[in-house]
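# Analysis of the macromolecular model
Chain by chain, the residues run as shown.
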Amino acid sequence: ATPTALLVGTGRGAQLGILIKGPQVLESTRRVDTIVLDKTGTITTGRMTLSSVVPHECGSVDELLALAGAAESGSEHPIARAITAGAVSKLGPLLPSSAFLSEQGLGVQAEVDGRLVLVGRPAWLVERWGLRVPIELQAVLGTAEGLGKTAVMVAWEGQVRGVLTVADTVKPTSAGAVERFRALGLTPMLVTGDNLAAAQNVAASVGITDVTAGVLPADKARVIARLQAEGHVVAMVGDGVNDAVALATADLGIAMGSGTDVAIEASDLTLMRSDLLAAADAIRLSRRTLTTIK
Ligand code: ADP
Ligand code: MG
């Protein structure tokens, strides 16, 4: 590989809105046979909106939304943004909160109005906090997930107080990009921290059949390492803090330009157009560049 030809490749990449960390990156794309895709913010827009607020025994929809909104104000997660935006638009400025802590891929906790408020993955509230899911809310969770929505539970003072559901939309170009990945000989897979039904719903709408759901951020990297151990050369596309380890583990890490700084730093390529078609362009371009120089 002559350095000049490789640089021509990276220059063309810049024109297409693909930032390549170094010419050596092009080499690793040649043998890629599997492409692992994050869901939220990668296949979907990541702009979630609040779709329902279901209180349980705690009183009102407004109280549930006010406390959850305030607790989420310290988080940048798309779920948190949907909840805080929903709270602000219905109730006005958020209540003050303090002692914010977040657990990557699980949920958040904060003090609001003298109460320790938890918002997160239902299994996290049960397993980490020892809370019980009221039977009425089990039905709400089941229905929401069956519809492909993401449901989070809210708790304070030792009791689950309700469920909030959020929904996202698939980017219009994602299905076409999945088709292009297949045409390039890559097997597309979806790996997400979200629930299985929400994951399958999105996967079906873009034509992906291979789905791994409910994984923690560290497990995303393990999924990739396992594929590599089976002899696959793996590209990963992601945007979140929760994707960083997986992006660094992959043979080719591709970050969405709209993604978090940690995701971009962990990646080999960054897509300025935050669209999966740009990932297909990147792989096609680097293969073509390599062919030219041979
Ligand atoms: P993805 O793989 O789709 O990007 P994440 O790993 O970021 O998902 O999150 C996985 C799950 O963890 C979410 O579906 C949600 O249940 C929970 N979660 C993560 N962050 C938050 C948050 N800020 N508020 C509430 N729940 C959260
Ligand atoms: Mg994401």
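Here the structure is a predicted model, which means the values were calculated and not measured. (Residues numbered from 1 in each chain as written. Chains lettered and ligands numbered in written order. Predicted model: local features only at pLDDT ≥ 70, side-chain atom pairs only at ≥ 80, totals over all residues.)

## Notes on the site of ligand 1
If you check the shell around ligand 1, you find 23 residues, and the closest are T40, H77, G105, R121 and G193. Elements with a contribution of two residues or more to the shell around ligand 1: α3 (39-43), α5 (78-91), β5 (107-112), β6 (115-120) and β7 (150-156). Class assignment of the residues belonging to the shell around ligand 1 gives a composition of seven nonpolar, 11 polar and five charged. Two domains each put at least three residues into the shell around ligand 1: domain 1 (3-45 + 169-293) and domain 2 (49-167). (Near = placed C-beta within 6 Å. Helix = DSSP H or I, 4+ residues; strand = E, 2+ residues; numbered from the N terminus. Nonpolar A, V, L, I, M, F, W, Y, C, P; charged D, E, K, R; others polar. Domains from an automatic or database assignment.)

## A closer look at unusual backbone geometry
Even without a glycine there, the phi angle at D113 is positive, about 55 degrees. Unusually for a residue other than glycine, E157 sits at a positive phi of about 45 degrees. The residue E157 is located in the loop between β7 and β8 (159-167) in this model. Judged by local crowding, E157 falls into the exposed class, with 10 C-beta atoms found within 10 Å. (Buried ≥ 20, exposed ≤ 12 C-beta atoms within 10 Å, placed from the backbone.)

## What to know about the domain arrangement of the protein
Split by domain assignment, the protein resolves into domain 1 (3-45 + 169-293) and domain 2 (49-167). Computed over C-alpha atoms only, the centres of domain 1 and domain 2 are separated by 31 Å. Counting only elements with at least two residues in the side of domain 1 that touches domain 2, the list comes to α3 and α9 (196-206). Here the residues of the side of domain 1 that touches domain 2 are counted per class, giving five nonpolar, six polar and one charged.

## Things to note about the pairing of β6
Direction of pairing for β5 relative to β6: antiparallel, over a ladder of six bridges. In the sheet register, E111 faces β6, and the bridge partner there is L116. Connecting β5 to the next strand, β6, in antiparallel fashion are two residues, including D113 with a positive phi near 55 degrees. (Pairing = 2+ DSSP bridges.)

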